[in-house]
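Here is how the chains run, residue by residue.
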Number of protein chains: 2
Amino acid sequence: MTKKNSKKPKTSDIRTSKADIFNTVKKKRAFEEVSAEVKRLIFKGLLRPGDQLPSENEMASRLGVGRQTMREAIRFLELSGFITTKKGAKGGAVITDTVLNSISNLLLDAFQMKKATVHDFIVARLEIERAVLRQVLIRIDDENIKLLKNNTLSARKKIENKQVAFHENVEFHKLLARASKNYIFVVLEETLMTLMADFLSHRQSNLRFSSRVVKMHEDLLQAIVKKNDSEAFVLLEKHLLEVEESLKGFSKRSEIRQELDSY
Amino acid sequence: MTKKNSKKPKTSDIRTSKADIFNTVKKKRAFEEVSAEVKRLIFKGLLRPGDQLPSENEMASRLGVGRQTMREAIRFLELSGFITTKKGAKGGAVITDTVLNSISNLLLDAFQMKKATVHDFIVARLEIERAVLRQVLIRIDDENIKLLKNNTLSARKKIENKQVAFHENVEFHKLLARASKNYIFVVLEETLMTLMADFLSHRQSNLRFSSRVVKMHEDLLQAIVKKNDSEAFVLLEKHLLEVEESLKGFSKRSEIRQELDSY
DNA sequence: TCACATTTGTCCGTATGTATC
DNA sequence: AGATACATACGGACAAATGTG
């Protein structure tokens, strides 16, 4: 952010490459270094979800910074989705992985600022799901088929018990992304699904619609297993267009969330 | 974040709706209220990009909180991409709009965390650029054509002066995404290009390759302007496959970025 | 060039609320 | 119920950076 944005370094434009090198040594704030250090430990796998971090005081003194600085680093990590904090004894910071949640929160801000519309979202989702399906048809294996099958089975069970299969239906698309074996798609799909869940959280859950979605997932999965590519694409498109219908009404409202007091 | 996540409120599940109402009154931390208030002002348009915020001390006393709390709120807004801060006299917080950057940074974190590989990246990029092109062919207008044309012109100029057109070539794809008029794609392309720039920053810049890229961009743009869809897709694919070649060698590393000390 | 004012960045001491034992 | 441990929050202080006269 600080590094990349300095496109006009006031000095001559001729030596841009060298100027960029100098920019990288620009002094960083202490809390940035601290949070980067923690992030590094997480990426390296030395800190894993569920791990408890020492108290603010201890971390501060161990890292050689003040409490205020430590707090700002903690805030930074918290808002980025790397840790969550709890008050009281035995409280403190715990490593979590809610980065995708943080992303979707920022995307909601973008929607709020009218930089993105529901239509944008629907188009992007359709395109990305198409890409995912293309990869799935190439790379799916028995294990992922089994996971998807189990998903539709438990969804079907819920429907039979007159319950909506909301969670299962969202999970189906995440499983599809995993079956593509491409982590970029996994991240994108999970982000889109988080947003989707947020959109739908304000509406009444509809058993009939939920049941219909389960049916379409079952059909889609069958087409995938049978390697009937063209049918799979047709089913996917039809499915997503129906889901789009269920989002209708949102397009008319300019704001997605009435209140922005969350998080 | 705090509100939405509480799907299991320990109390009976039956009164979820009422429980949710009570959840909204859950005590929030001071810095959250402060940052939410500033965000509200931005969303309402009362604070606009370029506007200078009062100093930390003044805002703190005006809002009735301590400076520490104010600083945490500022960190929040900064990370979310709503403000940037500058040190020194006449410094302070200024309303900006770098939400795009913030989302892109978090996406990079997510990719890092999920251990996305270079191969994942290449596949995803091809798919996403295809999707972008599809939308561009539908929605492009004269203004965006002009921006793209200017981009290739200045790239061509650099090549003629024996300079690599690195920045321009990266920018071309960002402009393409903007021409799709879909903010989601803009975010994705921005992220992909950041990754791309990161890959290439470690290699020697190659004038001959850079020149070749410019040529392909020119051809692609021409096909787009002429509405020659099929040729545009062929050119895009060919272009990206050549770029992929230039990334060879990275595939062996499991991590995308060696260092995460950015931002 | 130099001093000065302003503002962020950082540290410390202290107090309070809250969750756990 | 009381003690403990921790995050949360306030206020004061100084250092560092930066623009201005």
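Treat the numbers as computed from the prediction; the structure is a model and nothing was measured.

### Some details on the overall build of chain A
Looking only at helices and strands, chain A features 11 helices and two strands. Of the regular secondary structure in chain A, the N- to C-terminal order runs α-α-α-α-β-β-α-α-α-α-α-α-α. Considering chain A as a whole, with its 263 residues, one finds that 36% of them fall into the buried category. Sequence separation of at least 24 residues holds for 64% of the intrachain contacts in chain A that already meet a minimum separation of 6.

### With respect to the nonpolar core
In globular proteins that are soluble, nonpolar side chains generally tend to be buried together. In terms of nonpolar packing, the biggest core is built from 109 residues, with Ile103, Ile184 and Val187 of chain A touching the most fellow members. Those residues in contact with isoleucine 103 of chain A that sit more than four places away from it in its chain are Thr191 of chain A together with Ile103, Leu106, Leu107 and Ala110 of chain B.

### Structural notes on the packing of helix 9 (residues 183-200) of chain A against helix 5 (residues 99-113) of chain B
As a packed pair, helix 9 of chain A and helix 5 of chain B sit with axes 9 Å apart at the nearest point and diverge in direction by 130 degrees. In terms of axis orientation, helix 9 of chain A runs oblique to helix 5 of chain B. For helix 9 of chain A against helix 5 of chain B, the interelement crossing comes out right-handed. Between helix 9 of chain A and helix 5 of chain B, the residues in contact are Tyr183, Ile184 and Val187 of chain A and Leu107, Ala110 and Phe111 of chain B, respectively.

### Remarks on the interface of chain A and chain B
Frequently, the measure chosen for interface size is the accessible area removed from exposure when the parts meet. Taken residue by residue, the interface counts 46 residues in chain A and 45 residues in chain B. Contributing elements (two or more residues each) for the side of chain A that touches chain B: helix 2 (30-44), helix 4 (67-80), helix 5 (99-112), helix 6 (118-139) and helix 9 of chain A. Taken together, the residues that form the side of chain A that touches chain B break down as 24 nonpolar, 10 polar and 12 charged.

### Quick look at the protein's contact with DNA strand D
Around DNA strand D sit 24 residues in total, of which Ala30, Gly66, Thr69, Gly88 and Ala89 of chain B are the nearest. Looking at the surface near DNA strand D, the elements with two or more residues in it are helix 3 (56-63) and strand 2 (92-95) of chain A together with helix 2 (30-44) and helix 4 (67-80) of chain B. Taken together, the residues that form the surface near DNA strand D break down as six nonpolar, 11 polar and seven charged.

### Some words on the protein's contact with DNA strand C
Ala30, Gly66, Thr69 and Gly88 of chain A together with Ala89 of chain B are the nearest of the 24 residues found near DNA strand C. Looking at the surface near DNA strand C, the elements that each hand over two or more residues are helix 2 and helix 4 of chain A together with helix 3 (56-63) and strand 2 (92-95) of chain B. Of the residues forming the surface near DNA strand C, the biggest block, three residues, is contributed by helix 4 of chain A. When its residues are assigned to classes, the surface near DNA strand C shows six nonpolar, 10 polar and eight charged.

### Brief notes about the pairing of strand 2 of chain B
All names here are of chain B. Inspection of the sheet shows strand 1 (residues 83-86) paired to strand 2 by four bridges, in the antiparallel sense. Paired with lysine 86 across the strands is glycine 92, a residue of strand 2. As consecutive antiparallel partners, strand 1 and strand 2 are separated by five residues, and within that stretch glycine 88 has a phi angle of approximately 85 degrees, a positive value.

### Remarks on the relation of the copies chain A and chain B
Overlaying chain A with chain B gives an RMSD of 1.8 Å, the required rotation being 177 degrees about an axis along which the chain moves by 0.4 Å. In the structure described here, the two chain copies are related by an operation that fits a two-fold rotation axis. A share of 91% of interface residues in chain A that are also interface residues in chain B marks the association as one of identical surfaces.

### A closer look at helix 9 of chain A
Helix length check: helix 9 of chain A (18 residues) gives 25 Å between terminal C-alpha atoms against 26 Å at 1.5 Å per residue, within 8%. Taken across its 18 residues, helix 9 of chain A has 13 buried, putting it largely inside the fold.

### Focus on the confidence of the model for chain A
Residue and element names in this part refer to chain A. Per-residue pLDDT for chain A has a mean of 84; in total, 83% of the residues score no lower than 70. At the level of individual helices and strands, chain A shows its lowest average pLDDT in helix 1 (residues 16-23), which scores 39, and its highest in helix 7 (residues 142-160), which scores 97. Counted against residues more than four places away or in other chains, residues 1-24, with its pLDDT under 50, gives 13 contacts. This model gives residues 251-263 a pLDDT under 50, and the stretch forms 23 contacts once residues within four places in sequence are excluded.

### Section: the environment of valine 99 of chain A
Its place among the elements puts valine 99 of chain A in helix 5. Measuring from C-alpha to C-alpha, the distance between valine 99 of chain A and valine 225 of chain A comes to 32 Å, with 126 residues separating the pair along the chain. Not counting the four nearest positions on each side in its chain, valine 99 of chain A is found in contact with Ser80, Gly81 and Phe82 of chain A together with Leu106, Asp109, Ala110 and Met113 of chain B.

### Some thoughts on the packing of helix 3 of chain A against helix 4 of chain A
Residues and elements named next belong to chain A. Where helix 3 meets helix 4, the closest approach of the two axes is 9 Å, and the angle between their N-to-C directions is 110 degrees. With respect to helix 4, the axis of helix 3 lies roughly perpendicular. For the pair helix 3 and helix 4, contact is made by Glu56, Asn57, Met59 and Ala60 and by Arg67, Met70, Arg71 and Ile74, respectively. Among the residues making up the contact of helix 3 with helix 4, the classes are represented as four nonpolar, one polar and three charged.

### Notes on the environment of threonine 85 of chain B
All names here are of chain B. Among the structural elements, threonine 85 can be located in strand 1. Threonine 85 gets classed as partly exposed once you count the C-beta atoms within 10 Å, which come to 17. Dropping the residues within four chain positions of it, threonine 85 is found in contact with Ile74, Glu78, Gly92 and Ala93.

### Considerations on unusual backbone geometry
Residue and element names in this part refer to chain A. In this structure, lysine 90 takes a positive phi of about 60 degrees despite not being glycine. Counting through the fold element by element, lysine 90 comes out in the loop between strand 1 (83-86) and strand 2. One non-glycine residue with positive phi stands out, namely lysine 181, at about 60 degrees. Its place among the elements puts lysine 181 in the loop between helix 8 (166-179) and helix 9.

### Digging into the environment of lysine 44 of chain B
Residues and elements named next belong to chain B. When you line up the elements, lysine 44 lands in helix 2. The exposure class assigned to lysine 44 is exposed, which follows from the 8 C-beta atoms found within 10 Å. Along the primary structure lysine 44 and glutamate 78 are separated by 34 residues, whereas in three dimensions their C-alpha atoms are 18 Å apart.

Each value, and the rule that gives it
- Residues numbered from 1 in each chain as written.
- Chains lettered and ligands numbered in written order.
- Predicted model: local features only at pLDDT ≥ 70, side-chain atom pairs only at ≥ 80, totals over all residues.
- Helix = DSSP H or I, 4+ residues; strand = E, 2+ residues; numbered from the N terminus.
- Buried ≥ 20, exposed ≤ 12 C-beta atoms within 10 Å, placed from the backbone.
- Contact = placed C-beta atoms within 7 Å.
- Core = buried A, V, L, I, M, F, W, Y, C linked by C-beta atoms within 7 Å.
- Axes fitted to C-alpha atoms, helices over the stretch in contact; angles between N-to-C directions.
- Parallel < 35°, antiparallel > 145°, perpendicular 65-115°, else oblique.
- Left-handed = near helix turned anticlockwise from the far one by under 90°.
- Nonpolar A, V, L, I, M, F, W, Y, C, P; charged D, E, K, R; others polar.
- Near = placed C-beta within 6 Å.
- Pairing = 2+ DSSP bridges.
- Least-squares fit on C-alpha atoms with pLDDT ≥ 70 in both.
- Expected span 1.5 Å × (residues − 1).
- pLDDT = per-residue confidence, 0-100.

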